[in-house]
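One letter stands for each residue in the lines below.
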Amino acid sequence: MVERTPILDFLTYAFLMIGILIVGFPIIYSLIAATLPLDEVSRVPMPLIPGDQFMVNMKEAWTRGDLGTQITNSFIMATGITVGKICVSMIGAFSIVYFDYRFRKLAFASVFCTLMLPVEVRILPTYEMAANVLSPLQAVWDVLHLNGVVSWFTGNEFSLTLNWSLLDSYSGLIFPLIASATCTFLFRQFFLTIPEELCEAAKIDGASPMTFFRKILFPLSKTNIAALVVIEFVYGYNQYLWPLLVTTNTKMTTAVIGLQNLIPQADDLPEWNIALGGALLVMLPPVLVVLFMQRWFVKGLIEKEK
Amino acid sequence: MIKRSFFKSRYLPYLLILPQILVTLTFFYWPAIQGIIQSFLLSDPFGRKSTFVWFYNYIELFTDPLYLKSILITFIFSLATAAVSISLGLFIASMANRALKAKALVRTMLIWPYAVAPAISGIMWLFLLHPSYGIVAIAIKKSMGVDWNPVLYGTDAMIMIVMASAWKEVSYNFVFFVAGMQAVPKSLIEAAAIDGAGPFRRFWTITLPLLSPTFFFLMVMNIIYSFFETFGIIHTVTQGGPGGSTNILVYKVYQDGFVGLNLGSSSAQSVVLMSLIIIITFLQFKFVEKKVQYSG
């Protein structure tokens, strides 16, 4: 600081402590609740001294909520979205920035338009799409009356129905959420800041486009990729609406949705110790990812949104 | 924009952009167009019969008091959430920016709620504000003498979901405010200090105005967040109730479409939401950023 302000400094730290406590309070309180037996967690007010039932509650939440399966599902979904988004958008941005071709501008514009339009605003038709990914082809087929045409040619009654459902599958959980432009946009911005000389030199050395991509562009993008891994993993893991729609089989449900079954309803025993224990378990993977990869996460977040 | 030096290849660039285009077309453009078409159709929930009804679904929508109420609720909810989380984020960030020695530690302790799913935030706050067990609920009852019950009263339920949503978003705002504050030139602060301006004066007259782009950016992001990502909170905590008092637009689309099977209305609502977010994004790009930069 510019001048000495001991009183203000003290106040700063005091307020900061209060701020951290407020932000941390729900977690601390949930942690305590998760260590208590049922009769203590439902006492009013709940004691603030941790009990000794932590492992018991955790085990109960784990088995009752089938968290092993569900966290695995969440993990697969989050990883799939992360890897898919990064791959698709990185090569897409490479194409847009480093090549000159006729539909380049159109391609970029069409991708750019999807920016900031989340899946939430087109849930019904996207669901119908996932229920049958081939429906556009079917529509074209029907419009052209190809059933009739084929029947006429072959002389037999012919009808074709195309159906490929993504419901209750990992591809259904993953693919519709890969369709966003934020990553492409970010990679494009980053590629534009890379010096021209690198590409020039690569070309003089006779490197093919893919060699340039593999040997120069990819290594240079490592920090960006690390940052995006954190952000997209958290995004994928915490999805709610889409997995809720696309999965009906309990074996395919993701953890964040499965937790709903652990919350005590009006007539149930108020087993909040188990509900909150489960909540803590489920939130652990993304929180750990953010904490351990803080540096990249902050960098990526700020670059991604601006 | 394109690089001055680029590769020439006949098929490769198309091949590279193909996955992106394919995914975008199947899961973005096709559904979006279907949604728009469906919003002009009236279909019965069981059969496949549907009739073209022009703007019937939209007229129904905007004359439906429940929908108008949902719009109002959404705006109250998102503005309240943004106000709480932005002001808290700014406050903590300004403190953290002063506490130079503990900066890394402070950041670690504040950043993690970003990674908590909205639905989980909802569960934790439901417990804290639960009418019969919640410690915060009891504190409110005792200190203010009000009959706090988010299960029965709409206003209380609204406060509950605002708390759950804002709590999660504080860390996001904190990160951006800290970054914004670090970008304020040291020389400006020092010059003002030499001129005799104290820490508070400097904050009000230098830091805060320079933060206005961050401020507006966060306003937009927070509103978008509370419009869409809070679905998980509503679904786990209130399910739109009591009496539709927390039935925000996204939740209503889901309820009317998937629970009520009213496809036409749900599609029309989606189109309205789509237009809303396009307007918000457009405003951010066109006006807010420019205006803030020029006047700041």
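Values in this document were obtained by computation on a predicted structure and should not be read as measured data.

Caption draft 1: Molecular detail of the overall build of chain B. Helix and strand content of chain B: 13 helices and two strands. With 296 residues in all, chain B has 55% of them scored as buried. The average position of the 21 basic charges and that of the 11 acidic charges among the side chains of chain B differ by 14 Å.

Caption draft 2: Up close: the overall build of chain A. Broken down by element type, chain A carries 17 helices and zero strands. Relative to a compact globule of 306 residues, whose C-alpha radius of gyration would be 19 Å, chain A shows 26 Å and is clearly more extended. Dimensions along the principal axes, computed over C-alpha positions, put chain A at roughly 80 × 65 × 30 Å. The burial tally for chain A puts 51% of its 306 residues in the buried class. The contacts in chain A between residues at least 6 apart in sequence include a share of 73% that link residues at least 24 apart. Distance between charge centroids for chain A: 11 Å, based on 19 positive and 23 negative side chains.

Caption draft 3: Highlighting the interface of chain B and chain A. With 101 residues of chain B in contact, the opposing surface of chain A contributes 113 residues. In this structure, the connection of chain B to chain A is made through one salt bridge. Broken down by element, the residue count for the side of chain B that touches chain A peaks at 19 residues, all from helix α1 (residues 12–38) of chain B. Grouping the amino acids of the side of chain B that touches chain A by side-chain chemistry returns 72 nonpolar, 22 polar and seven charged.

Caption draft 4: How the structure looks around the confidence of the model for chain B. Counting all residues, the mean pLDDT for chain B is 85, and 92% of those residues have values of 70 or more. Reported confidence for the predicted complex is 0.87 by ipTM and 0.89 by pTM.

Caption draft 5: Molecular detail of the environment of V106 of chain B. If you trace the backbone, V106 of chain B turns up in helix α4 (residues 103–111). Placed 14 residues apart in sequence, V106 of chain B and I92 of chain B show a C-alpha to C-alpha distance of 9.7 Å. V106 of chain B has contacts with L16 and I20 of chain A together with A96 and F174 of chain B, leaving out every residue within four places of it along the chain.

Caption draft 6: How the structure looks around the pattern of salt bridges. Across all of its chains, the model carries seven salt bridges over all chains by this definition. The partner of R104 of chain A in a salt bridge is D100 of chain A, and the shortest N-O contact between them spans 4.0 Å. Overall, R104 of chain A belongs to the buried group, its relative accessible area being 8%. Salt-bridge contacts for D256 of chain B lead to K252 of chain B; the nearest nitrogen and oxygen are separated by 3.1 Å. Separated by four residues within a single helix, D256 of chain B and K252 of chain B lie in helix α12 (residues 249–259), roughly one turn from each other. Given the relative accessible area of 18%, D256 of chain B is considered buried.

Caption draft 7: Region of the structure containing the packing of helix α11 (residues 196–204) of chain A against helix α12 (residues 209–220) of chain A. All names here are of chain A. For the pair α11 and α12, interaxial distance at closest approach is 11 Å and the crossing angle is 160°. With respect to α12, the axis of α11 lies roughly antiparallel. Of the two elements, α11 crosses α12, and the hand of that crossing is right-handed. Between α11 and α12, the contacting residues are L198, C199 and A202 on the first element and F212, I216 and L220 on the second.

Caption draft 8: Representation of the side chain of N222 of chain B in the model. Residue and element names in this part refer to chain B. In this fold, N222 is placed in helix α10 (residues 212–229). N222 sits in the buried class, given a relative accessible area of 1%. Not counting residues within four places of it along the chain, the set of residues in contact with N222 comprises A82, S85, I86, E169 and N173.

Caption draft 9: Just the nonpolar core, in detail. In this structure, W272 and F297 of chain A together with F127 and F174 of chain B are the most contacted members of the largest nonpolar core, which totals 143 residues. For this core, the element with the highest residue contribution is helix α7 (residues 154–182) of chain B, accounting for 14 residues. Counting 28 residues, the second largest nonpolar core, distinct from the first, contains I96, V97, F99 and I194 of chain A.

Caption draft 10: Geometry of the environment of T26 of chain B. On the secondary structure map, T26 of chain B appears in helix α1. Classification of T26 of chain B as partly exposed rests on a relative accessible area of 22%. Non-local contacts of T26 of chain B, meaning those with residues more than four positions away in its chain, are made with M129 of chain A together with P31 of chain B. A polar contact is formed between the side chain of T26 of chain B and the backbone oxygen of L22 of chain B, at a distance of 2.6 Å. A polar side-chain atom of T26 of chain B sits 3.4 Å from the main-chain carbonyl oxygen of V23 of chain B.

Caption draft 11: View of the packing of aromatic side chains. Tallying each qualifying case throughout the model produces 39 aromatic pairs over all chains. Residues F231 of chain B and Y251 of chain B carry aromatic rings whose centres are separated by 5.3 Å and whose planes lie at 40° to one another, so their mutual orientation is tilted. Of this pair, F231 of chain B sits in helix α11 (residues 231–237) while Y251 of chain B sits in helix α12, and the two are 20 residues apart along the sequence. A single burial state applies to F231 of chain B and to Y251 of chain B, both of which are buried. Among the aromatic residues, those joined into a ring-pair cluster are F94, Y98, F99, F187, F190, F191, F212 and F213 of chain A. One residue, K85 of chain A, lies across the ring of Y235 of chain A, its end atom 4.3 Å from the ring centre. One residue, R295 of chain A, lies across the ring of W296 of chain A, its end atom 4.6 Å from the ring centre.

Caption draft 12: Structural context of the packing of helix α3 (residues 65–98) of chain B against α10 of chain B. All names here are of chain B. Look at α3 against α10: their axes get within 9 Å of each other, and the N-to-C directions meet at 135°. When the axis of α3 is compared with that of α10, the two are oblique. In terms of crossing hand, the pair formed by α3 and α10 is right-handed. Taken together, the residues of α10 that come into contact with α3 (itself represented by T74, F75, F77, S78, L79, T81, A82, S85 and I86) are F215, L218, M219, N222, I223, Y225, S226 and F227.

Caption draft 13: Spotlight on a nonpolar patch on the surface. There is a patch of nonpolar side chains on the surface, built from I7, F10, L11, F15, I18 and I22 of chain A together with F91 of chain B and spanning about 700 Å² of accessible area. For the nonpolar patch, the element with the highest residue contribution is helix α1 (residues 6–33) of chain A, accounting for six residues. Within the element layout of this structure, L11 of chain A appears in helix α1.

Caption draft 14: The arrangement of unusual backbone geometry in detail. One non-glycine residue with positive phi stands out, namely D66 of chain A, at about 50°. With respect to the element layout, D66 of chain A can be found in the loop between α3 (54–64) and α4 (67–98).

Caption draft 15: Representation of helix α6 (residues 135–144) of chain B within the structure. Restricting attention to buried positions, one finds in α6 of chain B the residues I135, A137, I138 and I140 of chain B. If you follow the buried residues of α6 of chain B, they end up packed against α1 of chain A together with α5 (118–128) of chain B. Phi turns positive one or two residues past the end of α6 of chain B, at G145 of chain B, with a value near 65°.

Caption draft 16: Expanded view of the confidence of the model for chain A. Here chain A shows a mean pLDDT of 85. Residues at 70 or above account for 98%. Mean pLDDT across the secondary structure elements of chain A bottoms out at helix α8 (residues 146–154) of chain A, with 76, and peaks at α4 of chain A, with 93.

Reading the values: the criteria
- Numbering of residues starts from 1 in every chain and runs along the sequence as written.
- Written order decides the labels, with chains lettered from A and ligands numbered from 1.
- Totals for whole chains, interfaces and linings use every residue, but because this is a predicted model, local features are given only for residues with pLDDT of at least 70 and side-chain atom pairs only at 80 or more, for both listing and counting.
- Hydrogens and waters are ignored; side-chain quantities use all the structure's heavy atoms.
- Counting from the N terminus, the helices are DSSP H or I runs at least four residues long and the strands are E runs at least two residues long.
- Any residue under 20% of the maximum accessible area for its type is buried, any over 50% is exposed, and the rest in between are partly exposed; the area is computed with a 1.4 Å probe on protein chains only.
- Under the counting rule used here, the positive set is Lys and Arg, the negative set is Asp and Glu, and His together with the chain ends is not counted.
- Charge positions come from single atoms, namely NZ of Lys, CZ of Arg, CG of Asp or CD of Glu.
- Atoms considered for the radius of gyration are the C-alpha atoms alone. The globule rule reads 2.2 Å times the number of residues to the power 0.38.
- Contact definition: two residues touch when any of their heavy atoms are within 4.5 Å.
- What makes a salt bridge here is a side-chain nitrogen of Lys or Arg within 4 Å of a carboxyl oxygen of Asp or Glu, nothing more.
- The residue classification treats Ala, Val, Leu, Ile, Met, Phe, Trp, Tyr, Cys and Pro as nonpolar and Asp, Glu, Lys and Arg as charged. All others, Gly included, are polar.
- Values of pLDDT, which run from 0 to 100, indicate the predictor's confidence residue by residue.
- Axis lines are fitted to C-alpha atoms, over the contacting stretch for helices. Their N-to-C directions set the angle, which ranges from 0 to 180 degrees.
- Orientation categories follow fixed angle ranges, with anything under 35 degrees roughly parallel, anything over 145 roughly antiparallel, 65 to 115 roughly perpendicular, and all other angles oblique.
- Here is the rule for handedness: rotate from the far helix to the near one, and if that takes an anticlockwise turn smaller than a right angle the crossing is left-handed, while a clockwise turn gives right-handed.
- In these notes, a set of buried Ala, Val, Leu, Ile, Met, Phe, Trp, Tyr and Cys residues joined through side-chain atoms within 4.5 Å is what counts as a nonpolar core.
- Whenever two N or O atoms come within 3.5 Å, that pair is a polar contact, provided that in protein one can donate a hydrogen and the other can accept it, and provided that, for residues adjacent in sequence, both atoms are side-chain atoms.
- Whether two aromatic rings pair depends on their centres lying within 6.5 Å, for rings of Phe, Tyr and Trp, where Trp uses its six-membered ring; planes under 30 degrees apart make the pair stacked, over 60 edge-to-face, and the rest tilted.
- Here, a charge over a ring means that NZ of Lys or CZ of Arg falls within 6 Å of the ring centre while also lying within 35 degrees of the ring normal.
- Like-charged residues are merged into a patch within 9 Å and nonpolar side chains (Val, Leu, Ile, Met, Phe, Trp, Tyr) within 5 Å, provided each residue has over 30% relative accessible area and no salt bridge.
- Areas reported as accessible are Shrake-Rupley estimates using a 1.4 Å probe. Residue values count occlusion only from the protein chains shown.

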